[in-house]
Amino acid sequence: MWGCFNGRDDLRFKDKVAVVTGGASGIGLAATRGLLAEGAKVMIADADVERGEHEAGELGALCDFVRVDVRRPESCADMVARVLERFGRLDIAINNAGIPAPPPPSFETLPVEDWDNVISANLSGVFYAMRAEAKAMRAGGGGSIVNTGSVASVVANVGMPAYVAAKHGVAGLTKAAALDLLDAGIRVNAVGPGIIETPMTRDALRDPEIAAGYLAMTPAARPGTADEVARTILFLASDDASFTTGTLAMVDGGLTLR
Ligand code: NAD
């Protein structure tokens, strides 16, 4: 029954090439470290040049950095071109770059620029990146894509219309791409993190009132870690998830259960 595990190579990503958007920080950096630890070559792709270059420099010769602004389609195409130039192929893409939503004074007064910015960074950026990645993966015989959604991919919260719309969009786009790319041997999945301690949430989690509110929402009664999200990302990216495509795997300590 367990024969399928016989002779399994523990390095799930040996000889694989990965790109991680938003890889310079938080969840993306944890995924980058995990991929490297299991044998992949990894391109960190991020808008933050200083941090990206620093982290890639720390992580060694199998890691490199490319600047990307996922809000721009041509920047995503350049990102993939750089991966191919540097590492020769693309097998795994983690589309994780994202920004939080500045809370609007009210729904009616949400500035259109804020709406556009959140939708373009958190939703359109995933599409632009996937389009460029899929082309390279199809040419290379297949691949695996994991997008970072959120609990906001399945439930709404007060004061976050653009973020909730974008993250619901990521879940839908993941399903659509999973169907469209199946013939190319490309699986597409997403993770839905709950409240995770990263630079994005660190200040809020330091505020006792906000932190208490977050924890009251989470049955596990603690924030998650970037590593806990990265482990699910790596599972979905790996051949361990070979029959899984189009799914949104929640990593939320039970937040969306009630
Ligand atoms: P983070 O701020 O630590 O990392 C986000 C990274 O994305 C940064 O390095 C940033 O420079 C990069 N980035 C932002 N805009 C970009 C752009 N236009 N182009 C390229 N890079 C860009 O945050 P994190 O918590 O690790 O978030 C990662 C993802 O997880 C995001 O998509 C976020 O929405 C999602 N998420 C986070 C939480 C949480 O609680 N931390 C919960 C649910 C979902």
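Shown above is the structure to which this text applies.
Note that the coordinates shown come from a computational prediction; the quantities given were computed from them, not determined experimentally. (Residues numbered from 1 in each chain as written. Predicted model: local features only at pLDDT ≥ 70, side-chain atom pairs only at ≥ 80, totals over all residues. Heavy atoms only, no water.)

**Student:** So what exactly am I meant to see when it comes to the overall build of the protein here?
**Tutor:** Along the backbone of the protein there are 8 helices and 9 strands. Based on the C-alpha atoms only, the size of the protein along its principal axes is roughly 50 × 45 × 40 Å. Expressed as a percentage of the 258 residues in the protein, the buried residues total 48%. Across the protein, the fraction of contacts at a sequence separation of at least 24, relative to all contacts at a separation of at least 6, is 70%. The distance from the centre of the 24 positive side-chain charges to the centre of the 32 negative ones in the protein is 5 Å. (Helix = DSSP H or I, 4+ residues; strand = E, 2+ residues; numbered from the N terminus. Buried < 20%, exposed > 50% of the residue type's maximum accessible area, 1.4 Å probe, protein only. Contact = heavy atoms within 4.5 Å. Lys, Arg positive; Asp, Glu negative; His and termini not counted. Charge placed at Lys NZ, Arg CZ, Asp CG, Glu CD.)

**Student:** So what exactly am I meant to see when it comes to the side chain of Ser153 here?
**Tutor:** For Ser153, the position within the fold is in the loop between strand S5 (143-148) and helix H5 (161-181). Of the residues examined, Ser153 reaches a relative accessible area of 5% and is grouped as buried. Within the structure, Ser153 has its side chain in polar contact with the backbone oxygen of Lys167 (distance 2.8 Å). For Ser153, the contacting residues outside a window of four places in its chain are Lys167, His168, Ala171 and Leu248. (Polar contact = N/O pair within 3.5 Å; in protein donor to acceptor, adjacent residues only side chain to side chain.)

**Student:** Please explain the sheet that holds strand S1 (residues 17-21) as it appears in this structure.
**Tutor:** Two orientations exist for strands paired in a sheet by backbone hydrogen bonds: parallel and antiparallel. The strand order across the open sheet built from 7 strands is S3-S2-S1-S4-S5-S6-S9, with neighbouring strands paired in parallel fashion. Single-partner strands in this sheet number two, and they are strand S3 (63-67) and strand S9 (248-251). Neighbour to neighbour, the strand axes of the sheet diverge by 20° on average, direction disregarded. Where strand S6 (residues 186-193) and S9 come together, 4 bridges link them in parallel fashion. By the bridge assignment for S9, Pro193 is matched with Val251. Against the sheet, helix H3 (residues 73-87) touches S1, strand S2 (41-46) and S3, its axis set at about 155° to S2. (Pairing = 2+ DSSP bridges. Axes fitted to C-alpha atoms, helices over the stretch in contact; angles between N-to-C directions.)

**Student:** Quick question: what am I supposed to make of the packing of aromatic side chains here?
**Tutor:** We describe a pair of aromatic rings using the distance from one ring centre to the other and the angle between the two ring planes. Under the criterion given, the structure shown has 1 aromatic pair. Measuring from centroid to centroid gives 6.1 Å for Phe127 and Tyr128, while their planes differ by 55°, and the two rings are tilted. Judged by relative accessible area, Phe127 falls into the partly exposed class, the value being 40%. (Phe/Tyr/Trp six-rings, centres within 6.5 Å; stacked < 30°, edge-to-face > 60°.)

**Student:** Sorry, what's going on with unusual backbone geometry here?
**Tutor:** Among all residues save glycine, negative phi is the norm, and among peptide bonds the norm is trans. At Asp15, a residue that is not glycine, the phi angle is positive and equals roughly 65°. Along the chain, the position of Asp15 falls in the segment before S1. For Asp15, a relative accessible area of 57% gives the class exposed. Here the phi dihedral of Ala221 falls at roughly 60°; this positive angle occurs in a residue that is not glycine.

Honestly, it's all geometry; don't read function into it.
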